[in-house]
Amino acid sequence: MLHATGITKRFGGLTAVADASLSVAEGSIVGLIGPNGAGKTTLFAAITGFHRPDAGTVRFGERDITGLPPEEICRLGLVRTFQIVQPFAGLSVRENIAVGAHLRHPRRAAALAAAESVAQRVGLADQLDKPAAALTIAGRKRLEVARALATEPRLILLDEVMAGLNPTEIAEIVPVVRGLVASGVTVLLIEHVMQAVMSLAEDVYVLNQGRMIAHGPPATLVRDPMVIEAYLGHGAAQRLGAEHG
Ligand SMILES: Nc1ncnc2c1ncn2[C@@H]1O[C@H](COP(=O)(O)OP(=O)(O)OP(=O)(O)O)[C@@H](O)[C@H]1O
Ligand SMILES: [Mg+2]
């Protein structure tokens, strides 16, 4: 469904993403992990039109979407969430979600109605009339997913929707992500909460210093020396190996 191939993105002298490729099959949950600053968010931005890649191509379904503006990519059914959530604080939860729903429902009443059914899917149905500013962090994360979901995507890119949540809140949002796939929306997620990635994703990509260093089922990756090194530092795989005989 999604094929990003050889994506490179530079910021001045810094190469944030270097020749990175990933594919997402329709109906799956795919994970993207990597240490802080690895380039994960930048790769999302390059895929969804927020940054034009310096090299590489993005294919979504049958179309080459490389360099298209975000609105156009969103209209085609590919949307991202933002790691730093920025709801319209003064607007209600319902109105915030309706902003996303306007893409497919130009009439205000229809957008507001669509917002309600989206709220149901992310567990915000009982908070619709609250101002967005009154939500907890967990609520804001759900709202961020809801606003993206309201654009009626076929593929949603989730950027750390579990960051800052406590274990209970994480346990509560995992089924929301599963519910997306059950309802026909394919998911690519960036996540530092490893337990959640392991339980959700059948396929995981590992980015380190802009490069894709590993790819496979989560159970295989946690034993991959390259992945252990990326997370724990130089020599870690050997040290761990020595410790475990
Ligand atoms: N707009 C920008 N201008 C300049 N440098 C940037 C910009 N966006 C990101 N970077 C740099 O690119 C690198 C990759 O950043 P990115 O945010 O993609 O990492 P990340 O993997 O999402 O990290 P985190 O896990 O902390 O969210 C970092 O060195 C970052 O400082
Ligand atoms: Mg990031």
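Residues numbered from 1 in each chain as written. Chains lettered and ligands numbered in written order. Predicted model: local features only at pLDDT ≥ 70, side-chain atom pairs only at ≥ 80, totals over all residues.

**Digging into helix α3 (residues 93-101)**
And step 1. Most of α3 is tucked away: seven of the nine residues are buried.
And step 2. Taken residue by residue, α3 has Val93, Arg94, Asn96, Ile97, Ala98, Gly100 and Ala101 as its buried positions.
And step 3. Close packing links the buried residues of α3 with α4 (108-122) and α5 (137-149). (Buried ≥ 20, exposed ≤ 12 C-beta atoms within 10 Å, placed from the backbone. Helix = DSSP H or I, 4+ residues; strand = E, 2+ residues; numbered from the N terminus. Contact = placed C-beta atoms within 7 Å.)

**What about unusual backbone geometry?**
And step 1. Although it is not a glycine, glutamate 160 sits at a positive phi angle of roughly 55°.
And step 2. You can see glutamate 160 is positioned in the loop between β7 (155-159) and α6 (167-182).
And step 3. Glutamate 160 sits in the buried class, given 21 other C-beta atoms within 10 Å.
And step 4. For glutamine 209, which is not a glycine, the phi torsion comes out positive at approximately 50°.
And step 5. Mapping glutamine 209 onto the fold places it in the loop between β9 (203-208) and β10 (211-216).
And step 6. You can call glutamine 209 partly exposed: it has 15 C-beta atoms within 10 Å.

**With respect to the nonpolar core**
Across soluble globular proteins, you tend to see nonpolar side chains buried next to one another.
And step 1. Membership of the largest hydrophobic core comes to 69 residues, with the highest contact counts inside it found for Ile97, Ala115, Val118, Ala146, Ile156, Val187 and Val206.
And step 2. Broken down by element, the residue count for this core peaks at six residues, all from α4.
And step 3. Excluding anything up to four places from it in sequence, valine 187 contacts Ile29, Ile156, Leu158, Val177, Leu180 and Val181. (Core = buried A, V, L, I, M, F, W, Y, C linked by C-beta atoms within 7 Å.)

**Some remarks on the site of ligand 1**
And step 1. Residues in contact with ligand 1, as listed here, are Phe11, Leu14, Ala16, Gly34, Asn36, Gly37, Ala38, Gly39, Lys40, Thr41, Thr42 and Gln83.
And step 2. Elements represented by at least two residues in the shell around ligand 1 include exactly β2 (14-24) and α1 (40-47).
And step 3. With three residues, α1 is the largest single contributor of residues to the shell around ligand 1.
And step 4. Of the residues assigned to the shell around ligand 1, the class counts are four nonpolar, seven polar and one charged. (Near = placed C-beta within 6 Å. Nonpolar A, V, L, I, M, F, W, Y, C, P; charged D, E, K, R; others polar.)

**Description of the pairing of strand β4 (residues 55-60)**
And step 1. Alignment of strand β1 (residues 2-11) against β4, held across five bridges, turns out to be antiparallel. Paired with leucine 2 across the strands is phenylalanine 60, a residue of β4.
And step 2. As paired strands, β4 and strand β5 (residues 63-64) are joined by two bridges and run antiparallel to one another. Bridge pairing in β5 links phenylalanine 60 to arginine 63. (Pairing = 2+ DSSP bridges.)

**As for the pairing of strand β8 (residues 186-190)**
And step 1. In terms of burial, β8 is largely enclosed, as five of its five residues are buried.
And step 2. Because side chains alternate across β8, one face comprises the buried residues Thr186, Leu188 and Ile190, and the other comprises Val187 and Leu189, equally buried.
And step 3. Strand direction decides the pairing type here: strand β3 (residues 29-33) and β8, joined by four bridges, are parallel. Within the sheet, the bridge partner assigned to isoleucine 29 lies in β8 and is valine 187.
And step 4. Bridging between β7 and β8 involves five bridges; their strand directions are parallel.

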